[in-house]
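Structural overview
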Amino acid sequence: MLPSQLRCRRTCTRPLALLPDMACQTRLEEAFMAVTVRRAHSDSDFHRLHRLFVAYEAGLPPPLRHGSVPDMHAIRQTFSQPNAAFIATHDEVAIGCAAVKRAGDDRATTAVLLRLYVRPESRRLGAARLLVTSAIAFARDAGFCRLVLDTEKTELEAAYRLYRSLGFEECTPFATVSYDSPTFMELVLREGP
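Criteria and cut-off values
Residues numbered from 1 in each chain as written. Predicted model: local features only at pLDDT ≥ 70, side-chain atom pairs only at ≥ 80, totals over all residues. Heavy atoms only, no water. pLDDT = per-residue confidence, 0-100. Contact = heavy atoms within 4.5 Å. Pairing = 2+ DSSP bridges. Helix = DSSP H or I, 4+ residues; strand = E, 2+ residues; numbered from the N terminus. Axes fitted to C-alpha atoms, helices over the stretch in contact; angles between N-to-C directions. Phe/Tyr/Trp six-rings, centres within 6.5 Å; stacked < 30°, edge-to-face > 60°. Buried < 20%, exposed > 50% of the residue type's maximum accessible area, 1.4 Å probe, protein only. Lys NZ or Arg CZ within 6 Å of the ring centre and 35° of its normal. Core = buried A, V, L, I, M, F, W, Y, C linked by side-chain atoms within 4.5 Å.

1. Overview of the confidence of the model for the chain
- Of all residues in the chain, 80% have pLDDT values of 70 or greater, and the mean over the chain is 84.
- Contacts from residues 1-29, a stretch scored under 50 in pLDDT, to residues over four places away or in other chains number 34 contacts.

2. Some remarks on the sheet that holds strand 1 (residues 35-39)
- Ordered in space as 1-2-3-4-5-7-6, the seven strands form an open sheet in which the pairing is mixed. Because the sheet does not close on itself, it has two edges, and the strands there are strand 1 and strand 6 (169-170).
- Pairing of strand 3 (residues 93-102) with strand 4 (residues 110-118), which is carried by six bridges, proceeds in the antiparallel orientation. The partner of Gly 96 across the bridge, within strand 4, is Val 118.
- Most of the contacts of helix 2 (residues 43-59) go to strand 3, to which it runs at about 90°, and overall it touches strand 1, strand 2 (84-90), strand 3 and strand 4.
- Packed onto the sheet, helix 4 (residues 127-141) meets strand 1, strand 2, strand 3, strand 4, strand 5 (146-151) and strand 7 (183-188) and runs at close to 160° relative to strand 4.

3. Focus on the packing of aromatic side chains
- Here the structure, examined in full by the defined rule, presents five aromatic pairs.
- Centroid distance Phe 86 to Phe 138: 6.1 Å. Interplanar angle 70°. Geometry classified as edge-to-face. Remark: Phe 138 occurs in helix 4 and Phe 86 occurs in strand 2; sequence separation between them is 52 residues.
- For Phe 86, a relative accessible area of 6% translates into the label buried.
- Above the ring of Phe 53, the side-chain terminus of Arg 115 is found at 4.8 Å from the ring centroid.

4. Quick notes on the nonpolar core
- Judged by nonpolar contacts, the single largest core of 30 residues is most densely connected at Val 100, Leu 113, Val 132, Ile 136, Leu 147, Tyr 163 and Phe 168.
- Other than its neighbours up to four places away in sequence, Phe 168 contacts Val 132, Ile 136, Leu 147, Leu 149, Tyr 163, Met 185, Glu 186 and Leu 187.

Structure below.
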């Protein structure tokens, strides 16, 4: 069977089911579904990130859009140390992103998860979960006590369910947003100082 005949979705049943050995099927499935996540560092990474931010903005329901996308230089400046941005790739193609930024609180104990996005044709490969777990690990390693985010649990239900599955809980507002009915969430990473 040629690799081009394999289905990359987790829900595949055929033609991988034609393989005689279930372990072999699982290994092949994993090999062709490999999604990797890495932190953005290079100019090339930040160009890819900018393109993903543009796609993210265009893909949001109109009432949730931010209105504009920062240019590549501003994105690099915002998401370099002590902040971070992550890019998910599949077969070396950028398919998703997420970013973490220090919140504006005085003690700098809170980080904000921003712009989680996976291209529609690449969803259901586990990229969103990998991006969020990478963001959580970064925030924890950087010494933040909590990671917060805002979403809209009705319009962005899949994202809301993902956040809940990773331990995020609804919390009081931590910022002002430009859309109606935001859902604020937090994940406690460690007890505060």
